[in-house]
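Coordinates in review
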Amino acid sequence: MTDEPLLRVEDLTTTFETDAGRLVAVDGIDFSVEAGETVCLVGESGSGKTVATESITRLIKEPPGHIEGTVRFEGRDLADCAEPELREIRGADVAHVFQNPQDALNHCYTVGWQIAEAIRIHEDVGRSEARARAIELLGRVGIATPGARIDDYPHQFSGGEKQRVMIAMALSTNPDLLVADEPTTALDVTVQAQILRLLDELKTEYGMGVLFITHDLGVVSEIADRIVVLYAGKVMERGSAADVFERPSHPYTRQLLGCLPGIGPPSAGGIPGTLPDPTDPPEGCRFAPRCEHAVEACFEGGQPEAVERSPGHRVSCIHYHDGYDESVLGEPPTRLGLADPKAEEDTRTGGDADDG
Amino acid sequence: MGLARYVVLRVVWAAVVSLVIVTATFVLMAAAPNPAIQEAATQAALEGGDPQQAVERERELRGLDEPLHVRYLDFLTSIYTLEWGWSDHRSQPVTEALVEGLYYTAQYSIPWTVLTVLIGPLVGVYSAANMYSWRDHAATAFAFFGYAIPNFFFGIVLLLLFGVWLDWIPVVYRTDVAVFSLENARQLALPVFVLVTGSIGAVMRVSRNESAEFRDATFMKTAKAKGVSPFRAYAYHVMRPTLVPLSTTLVSQLLAIFLGSSLLVEVVFGIPGLGRLTFEALVAQDTNLVLGATFVFTFVAVIGNLLEDIAFSVLDPRISYDDR
Ligand code: SF4
């Protein structure tokens with residue numbers, strides 16, 4: 001695509017001042033989201049996914065947080081925007097759905113009030129019109145008898161319904177970018193599938209770009225158009241869903257995929273080792289302490305320069321550099337039962353009972 | 001709806017509590033020897049009459065010869081019809097004396113309550129929003145000061161400072177000034193200030209700590225992500241949930257100060273309110289008046305607790321009325 005993407009993040013670095021020192025949560029990452037596509041940020045918890053997305057519209061509290069880099073959204077650099085300007089973008093153009101719908105809604109207000117609040121902050125509409133739209137949205141996200149539920153409080157909704165309410169609230173002002181931060185992690189498996197399907201439908205209906213955060217590659221395989229694999233605040237690999245699932249190139253991506261049921265030999269209990277200390281990141285490749293293919297050069301300098309394996313498919317691993325032999329990494333894990341990321345969806349989500 | 005039913009039940013319960021208190025009072029009074037009868041007997045003996053006869057006459061006069069249940073019903077009727085007897089020491093009906101006292105007590109209690117309710121939560125939430133700033137520390141210091149210093153002592157110090165040395169405010173309380181006048185405002189400023197200082201500390205602390213919790217809640221992030229301004233976020237999303245636990249603190253704090261400290265403050269500032277009236281009735285052994293004042297304080301406490309419970313359930317939508 002030649003023209004500017006909906007969102008382009010360049011060299012984004014977010015740090016926090018803590019008692020233990022300066023914590024680098026996100027360290028110079030790049031990614032972009034086009035209108036109408038779903039980009040998945042993938043990584044273990046603590047890899048900086050949430051901080052990265054919350055840095056886009058500066059939801060991060062500053063201080064202790066500090067955000068650097070370029071965030072181009074619809075032709076504007078959000079890094080240069082003053083707070084009042086950002087406030088107009090938040091909700092109206094970039095909407096968020098958070099991980100835990102239990103805590104993301106205020107327990108003291110009805111869901112109708114909370115949806116109407118989002119509408120009335122950005123648009124000059126009366127109470128009754130905002131209410132009518134809130135009812136319509138509740139219906140759209142699959143709440144039965146929305147007119148009767150509009151005055152209910154969050155505690156009167158199930159977990160899945162609350163997440164639907166959150167989605168309705170996010171959609172209320174017709175945003176161009178929806179940031180969904182692990183929106184299904186706190187939910188039952190059947191409800192998860194329903195919410196994923198809903199988000200996918202709405203993406204098409206509203207023509208939104210979706211930035212979807214998850215650690216669950218099963219979810220990624222169902223919804224992603226493009227994938228960004230994060231590890232300890234750095235991008236390890238990114239590319240189209242087909243690139244990453246069919247030709248996973250980074251040792252970390254391969255290990256993540258190896259943990260996915262149905263692919264490769266089951267490596268018991270995920271990837272051995274833990275994320276490096278973000279206040280004191282290791283020299284060289286961030287993944288080196290846990291990488292089975294690490295060589296001496298991996299522990300020196302910075303994160304290896306990303307190598308473009310095919311257009312748009314970039315990998316940050318030294319073995320793809322000139323003078324190294326990528327064959328030492330072995331064969332990527334084979335994909336069993338995940339023939340086509342999108343085709344899987346119907347069998348997985350079809351015929352689920354309604355949540356509630 | 002559940003809430004209405006709960007409120008009705010709670011009101012009925014408050015009525016039962018007040019009935020229990022009145023009954024307990026009656027039992028105690030009936031069990032204790034009546035000093036008036038002893039006195040009549042002594043009087044008769046001194047005057048050469050028959051003490052036994054005098055006792056009987058006196059008992060008859062006071063209705064003590066009736067069976068217990070009749071006396072109990074009479075007592076109840078008079079209590080609930082506000083016929084609380086004659087105050088010997090004030091030479092006026094007890095209810096009239098109480099209304100007079102209440103009139104002066106209300107003049108400082110209403111401003112003091114309103115100020116506490118308005119300022120306490122605002123300062124507390126502001127403190128939470130600016131936690132560990134110098135303003136927060138100043139507010140905390142003030143809260144602990146008000147908490148720690150005895151009200152009557154603080155009152156005396158202020159009276160000495162502003163009334164005696166600086167001569168800014170009158171030392172002697174005047175009952176002949178109009179309620180809504182500058183003079184009245186001046187003479188009530190110190191007692192109101194003392195009581196606000198005493199009651200606001202706990203209110204500030206609770207609202208600060210509770211709202212600190214809500215300030216960091218995920219729904220605040222949701223609000224920010226929706227484009228809500230920080231002011232609106234605090235005014236609606238933090239203040240509202242804070243009011244739930246705060247309502248309890250507010251009422252109990254106001255009640256504690258009202259029942260505990262207003263007497264001392266009235267004595268210090270010479271206000272002829274309910275507190276001083278009770279105190280003088282006790283000294284003068286004016287049983288009817290002591291009883292009446294006790295009932296007023298008791299009913300204030302019962303109604304305060306009632307309001308506290310109702311406020312709490314109205315404010316917290318998550319409360320299930322069936323479990324209570
Ligand atoms: S650069 Fe070295 S440590 Fe990093 S992933 Fe490649 S082989 Fe492993």
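Residues numbered from 1 in each chain as written. Chains lettered and ligands numbered in written order. Predicted model: local features only at pLDDT ≥ 70, side-chain atom pairs only at ≥ 80, totals over all residues. Heavy atoms only, no water.

**Let's talk about the overall build of chain A**
Assigned secondary structure in chain A consists of twelve helices and twelve strands. Looking at chain A as a whole, 54% of its 356 residues qualify as buried. Taking contacts inside chain A between residues at least 6 apart in sequence as the whole, the part at least 24 apart equals 66%. Split by element, the accessible area of chain A, about 14,800 Å² in all, is 48% carbon and sulfur. (Helix = DSSP H or I, 4+ residues; strand = E, 2+ residues; numbered from the N terminus. Buried < 20%, exposed > 50% of the residue type's maximum accessible area, 1.4 Å probe, protein only. Contact = heavy atoms within 4.5 Å. Areas by Shrake-Rupley, 256 points an atom, 1.4 Å probe, with all protein chains shown as cover.)

**Some words on the interface of chain B and chain A**
Chain B puts 21 residues into the contact, and the matching count from chain A is 28 residues. Carbon and sulfur atoms supply 61% of the area buried between chain B and chain A, which totals about 2,300 Å² over both sides. Together, K224, K226 and P317 of chain B form the three largest contributors to the area buried by chain B at its contact with chain A, with a combined 28%. At the junction of chain B and chain A, the tally comes to three salt bridges. Across the chain B-chain A interface, the total number found is 14 residue pairs in polar contact (both at pLDDT 80 or more). Listing elements by their share of the side of chain B that touches chain A, those giving two or more residues are α9 (218–226) and α10 (230–260) of chain B. Of the residues in the side of chain B that touches chain A, the class split is ten nonpolar, five polar and six charged. (Buried area = accessible area lost by both parts, 1.4 Å probe. Salt bridge = Lys/Arg side-chain N within 4 Å of Asp/Glu carboxyl O. Polar contact = N/O pair within 3.5 Å; in protein donor to acceptor, adjacent residues only side chain to side chain. Nonpolar A, V, L, I, M, F, W, Y, C, P; charged D, E, K, R; others polar.)

**Some points on a negative patch on the surface**
A surface patch of like charges, here negative, comprises D50, E56, E60, D65, E66 and D74 of chain B. Looking at where E56 of chain B falls in the secondary structure, it is placed in helix α3 (residues 51–61). (Patch = residues over 30% accessible without salt bridge, like charges linked within 9 Å, V, L, I, M, F, W, Y side chains within 5 Å. Lys, Arg positive; Asp, Glu negative; His and termini not counted. Charge placed at Lys NZ, Arg CZ, Asp CG, Glu CD.)

**Side note on the sheet that holds strand β8 (residues 209–214) of chain A**
Residues and elements named next belong to chain A. Taken in spatial order, the eight strands make up an open sheet running β6-β7-β8-β3-β9-β10-β12-β11, and their pairing is mixed. Each end of this open sheet is capped by a strand with a single partner; those strands are β6 (94–97) and β11 (307–310). Between one strand axis and the next, the sheet turns by 20 degrees as a mean value, whatever way the strands run. Of the pairings in the sheet, the one linking strand β3 (residues 38–42) to β8 comprises five bridges and is parallel in character. (Pairing = 2+ DSSP bridges. Axes fitted to C-alpha atoms, helices over the stretch in contact; angles between N-to-C directions.)

**Details of the sheet that holds strand β1 (residues 7–18) of chain A**
Residues and elements named next belong to chain A. The four strands are arranged β2-β1-β4-β5 in an open sheet whose pairing can be described as antiparallel. Strand pairing shows two members of the sheet lacking a second neighbour, β2 (21–33) and β5 (76–77), which therefore form its edges. Sheet analysis places β1 next to strand β4 (residues 65–73), joined by eight bridges and oriented antiparallel. Opposite R8, over in β4, you have R72 as the bridge partner.

**Some words on unusual backbone geometry**
Residues and elements named next belong to chain A. Residue P63 is bonded to the preceding E62 through a cis peptide linkage, with omega at -20 degrees. Tracing the backbone through its elements, the reader meets P63 in the loop between α1 (49–56) and β4. In this model, P63 is joined to P64 through a cis peptide bond whose omega is 10 degrees. Along the polypeptide, P64 turns up in the loop between α1 and β4. Phi at T145 takes a positive value of approximately 40 degrees, unusual for a residue other than glycine. Look at E182: it is not a glycine, yet its phi comes out positive at around 45 degrees. Along the chain, the position of E182 falls in the loop between β7 (177–181) and α8 (189–206). For E182, a relative accessible area of 7% corresponds to the buried category.

**A word on the domain arrangement of chain B**
All names here are of chain B. With domains assigned, chain B is organised as domain 1 (3–88) and domain 2 (94–315). Measuring from the centre of the C-alpha atoms in domain 1 to the corresponding centre in domain 2 gives 35 Å. Listed as interface residues are 20 residues of domain 1 and, on the opposing side, 19 residues of domain 2. Both sides together, the interface formed by domain 1 and domain 2 hides about 1,700 Å², and carbon and sulfur atoms give 76% of it. (Domains from an automatic or database assignment.)

**Points about the domain arrangement of chain A**
Residue and element names in this part refer to chain A. Under the domain assignment, chain A is made up of domain 1 (1–93 + 175–356) and domain 2 (102–174). The partner domain 2 presents 15 residues to the 23 residues of domain 1 that form the contact. Both faces considered, domain 1 and domain 2 share a buried interface measuring about 1,500 Å² in area, 58% of it formed by carbon and sulfur atoms. Between the two partners, domain 1 and domain 2, sit two salt bridges. As a salt-bridge pair, E201 and R140 come within 3.4 Å of each other at their nearest N and O atoms. Among the elements of the structure, α2 (83–89) and α8 are those that each provide at least two residues to the side of domain 1 that touches domain 2. Broken down by element, the side of domain 1 that touches domain 2 gets its largest block of residues, nine residues, from α8. Its residues assigned to classes, the side of domain 1 that touches domain 2 shows twelve nonpolar, three polar and eight charged.

**Considering the pairing of strand β10 (residues 234–240) of chain A**
Residue and element names in this part refer to chain A. Here β10 lies mainly inside the structure; five of its seven residues are buried. Here strand β9 (residues 226–231) runs beside β10; their pairing, made up of six bridges, is antiparallel. Bridge pairing links Y231 to K234 in β10. In textbook terms, the turn of a hairpin is the stretch between consecutive antiparallel strands, and for β9 and β10 this stretch comprises two residues, one of which, A232, has a positive phi near 45 degrees. Pairing between β10 and strand β12 (residues 313–315): two bridges, direction antiparallel. Bridging from a neighbouring strand, R238 pairs with R314 of β12.

**Observations regarding the site of the ligand**
The environment of the ligand is made up of H250, P251, C285, A288, C291, H293, A294, C298, P304, C317, I318 and H319 of chain A. In the shell around the ligand, the residues fall into nine nonpolar, three polar and no charged. (Near = heavy atom within 4 Å.)

**Considerations on the environment of T77 of chain B**
All names here are of chain B. Counting through the fold element by element, T77 comes out in helix α4 (residues 68–80). For T77, a relative accessible area of 46% puts it in the partly exposed group. Through-space distance from the C-alpha of T77 to that of L3 is 32 Å; in sequence the pair is 74 residues apart.

**Quick notes on the packing of helix α4 (residues 111–122) of chain A against helix α7 (residues 159–171) of chain A**
Residue and element names in this part refer to chain A. Two elements in contact, α4 and α7, have axes separated by 8 Å at closest approach and are oriented at 25 degrees. When the axis of α4 is compared with that of α7, the two are roughly parallel. Considering only the axes of α4 and α7, their crossing is right-handed. Residue-level inspection shows V111, Q114, I115 and A118 of α4 in contact with α7, the latter providing V165, A168 and M169. For the contact of α4 with α7, the class distribution of residues is six nonpolar, one polar and no charged. (Parallel < 35°, antiparallel > 145°, perpendicular 65-115°, else oblique. Left-handed = near helix turned anticlockwise from the far one by under 90°.)

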